[in-house]
Amino acid sequence: MRTRLPIRSLAVAAATLVAVTACGGPDLAEAEHYLDLSDQPMAASGIELATVDGEPWGFTDVADDRLTLLFFGYTSCPDVCPMTMAEINLALEQAGEDADGFDVVMVSSDPQRDTDEQLRSWLDRFDPDFQGVRGDVDDTVRAALDYGVPIDAPEVTEGEYLVSHGGRILVLTPGGEAAGMFDEGVGADDIAPLLPVLRAELL
C-alpha cells in the first residue's frame, strides 16, 4: 500500500530536487553560446608578448590556480570590444565568489596605437584587475590563429585605418590550453551561469 504525501510535502520535495539539479549547473557540452573543447583542448600558443608593465608574457604564463578569459581586441573599437569587456565584467560580478577563479586578459590586435598607457587606461574603465598584453602585430596574429581566432594586421585602405579582432572569448586552463570558447556577442547572462561549472570541471 502506497502512502500519499500531502501536497505541501510534494512541493517541498520537488523544490529540493530542482535545487539539487541547479547546483550541478548547466552541461557545458549542451550550453548555448559556448563551444566545449575540454576533451581535446587547443594547445597553448608559444608566442611571446609583453604586459602593459613591460614584463615578458607568454600564453603559458597564465595563473596556475585560476582560469583565464582571453580576448583579442583593440581600444579604439567602437562596439564589439568595449561591449565584450563590459559583459565579461558584469558576468564576473554576477558569479560572485566564483569570479575569484578567473583572470581576464585582453591582447591588443592594434599594438601600434594601443600603447601600454592607452591599453591600461582603457581596461581600467572595466576593471583594474583586467590585464593588458601587447607585442609585435605579426606575432599577435599568429597567436590568435593558434587558438582558432582569425584576425589580420591593421591596414590602411582608401584612407581608412582598418583593424580586425576576434569576437570569441577563450577559456584558458593553467597550462595555457584553450578548453573552450564563448561565441562572439555573448552576454553576461549566458557567461555567468557557466563560470562555476568551468571552475569546478577545469581546475
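Given the structure is predicted, the values throughout are model-derived calculations rather than measurements. (Residues numbered from 1 in each chain as written. Predicted model: local features only at pLDDT ≥ 70, side-chain atom pairs only at ≥ 80, totals over all residues. Heavy atoms only, no water.)

Looking at the nonpolar core
How we decide: Grouping buried Ala, Val, Leu, Ile, Met, Phe, Trp, Tyr and Cys residues that are joined through side-chain atoms within 4.5 Å yields what is termed a nonpolar core. Whether a residue is buried, partly exposed or exposed follows from its accessible area with a 1.4 Å probe, protein chains only, as a fraction of its type maximum: under 20%, in between, or over 50%, in that order. Any two residues whose heavy atoms approach within 4.5 Å at even a single point are treated as in contact.
Ranked by size, the top nonpolar core spans 38 residues in total, and within it Met85, Phe182 and Leu198 carry the most contacts. Leaving out residues up to four positions away in the same chain, Met85 has contacts with Phe71, Val104, Met106, Trp122, Leu123, Phe126 and Phe130. Within the second largest apolar cluster, 21 residues are counted, among which are Phe72, Ala144, Ile151 and Leu172.

Focus: helix 4 (residues 137-146)
To keep things clear, this is the line we draw: Helix and strand definitions here come from DSSP, where helices need a minimum of 4 consecutive H or I residues and strands a minimum of 2 consecutive E residues; each element is numbered from the N-terminal end. Here a polar contact is taken to be a pair of N or O atoms separated by no more than 3.5 Å, where protein atoms must pair a possible hydrogen donor with a possible acceptor and residues adjacent in sequence count only if both atoms sit in side chains.
Inspection of helix 4 places Asp139, Thr140, Val141, Ala143 and Ala144 among the buried residues, and these make up the whole buried set. Those residues of helix 4 that are buried are in contact with strand 2 (48-51), strand 4 (67-73) and strand 5 (102-108). Where helix 4 begins, the capping side chain belongs to Asp136, and its oxygen is found 3.0 Å from the backbone nitrogen of Asp138. A positive backbone phi angle near 75° is found at Gly148, which sits one or two residues after helix 4.

Regarding the confidence of the model for the protein
We count it as follows: You can read pLDDT as the predictor saying how much it trusts each residue, on a scale of 0 to 100.
Here the protein averages 89 in pLDDT, and 88% of its residues register 70 or above. Note on residues 1-23: pLDDT under 50 across the span, and one contact to partners over four residues away in sequence or across chains.

Regarding the sheet that holds strand 3 (residues 56-58)
Rule in force here: Two strands form a pair only when DSSP identifies at least two bridges running between them. In this analysis an axis means a line fitted to C-alpha atoms, helices contributing only their contacting stretch, and an angle means the value between N-to-C directions, from 0 to 180 degrees.
In space, the eight strands of this open sheet follow the order 1-10-9-4-5-6-2-3, with mixed pairing throughout. Looking at the sheet topology across the chains shown, the edges are occupied by strand 1 (34-36) and strand 3. Within the sheet, the average angular offset between the axes of one strand and its neighbour, ignoring direction, is 30°. Bridging between strand 5 and strand 6 (residues 131-134) involves three bridges; their strand directions are parallel. Residue pairing for strand 6: Met106 is matched across the bridge by Gly132. Docked against the sheet, helix 3 (residues 116-124) engages strand 2, strand 5 and strand 6, running at close to 150° with respect to strand 6.

A look at the pairing of strand 4
Let me state the cut-off plainly: Here the term right-handed applies to a crossover when the path leading from its first strand over the helix to its second strand runs clockwise, the strands being oriented away from the viewer.
By the criterion of burial, strand 4 is predominantly enclosed, with seven of the seven residues buried. Residues Leu67, Leu69, Phe71 and Gly73 point to one face of strand 4 and Thr68, Leu70 and Phe72 to the other, with burial holding for every one of them. One ladder, built from seven bridges, connects strand 4 with strand 5; its direction is parallel. Across the sheet, the residue bridging to Leu67 is Phe102, located in strand 5. Tracing the backbone out of strand 4, into helix 2 (residues 80-95) and back to the parallel element strand 5 gives a crossover that is right-handed. Judged from the three bridges that link them, strand 4 and strand 9 (residues 169-172) form a sheet pairing that is antiparallel. Across the sheet, the residue bridging to Leu69 is Val171, located in strand 9.

Let's talk about the pairing of strand 9
The alternating pattern of strand 9 places Ile169 and Val171 on one face and Leu170 and Leu172 on the opposite face, and all of these are buried. Relative to strand 10 (residues 178-182), strand 9 runs antiparallel, the two sharing four bridges. Its bridge partner lying in strand 10, Val171 is registered against Gly180. Linking strand 9 to strand 10, which pair antiparallel, is a turn of five residues; within it Gly176 sits at a positive phi near 90°.

A closer look at the packing of aromatic side chains
Definition in use: Note on aromatic pairs: the rings of Phe, Tyr and Trp (six-membered ring only in Trp) are paired at centre separations within 6.5 Å, and the planes decide the class, stacked below 30 degrees, edge-to-face beyond 60, tilted for the rest.
Tallied over the entire structure, the rule returns five aromatic pairs. On the numbers, 5.5 Å between centres and 65° between planes, the contact of Phe59 with Tyr147 is edge-to-face. Taken together, the residues Phe59 in the loop between strand 3 and strand 4 and Tyr147 in the loop between helix 4 and strand 7 (155-157) connect sequence positions 88 residues apart.

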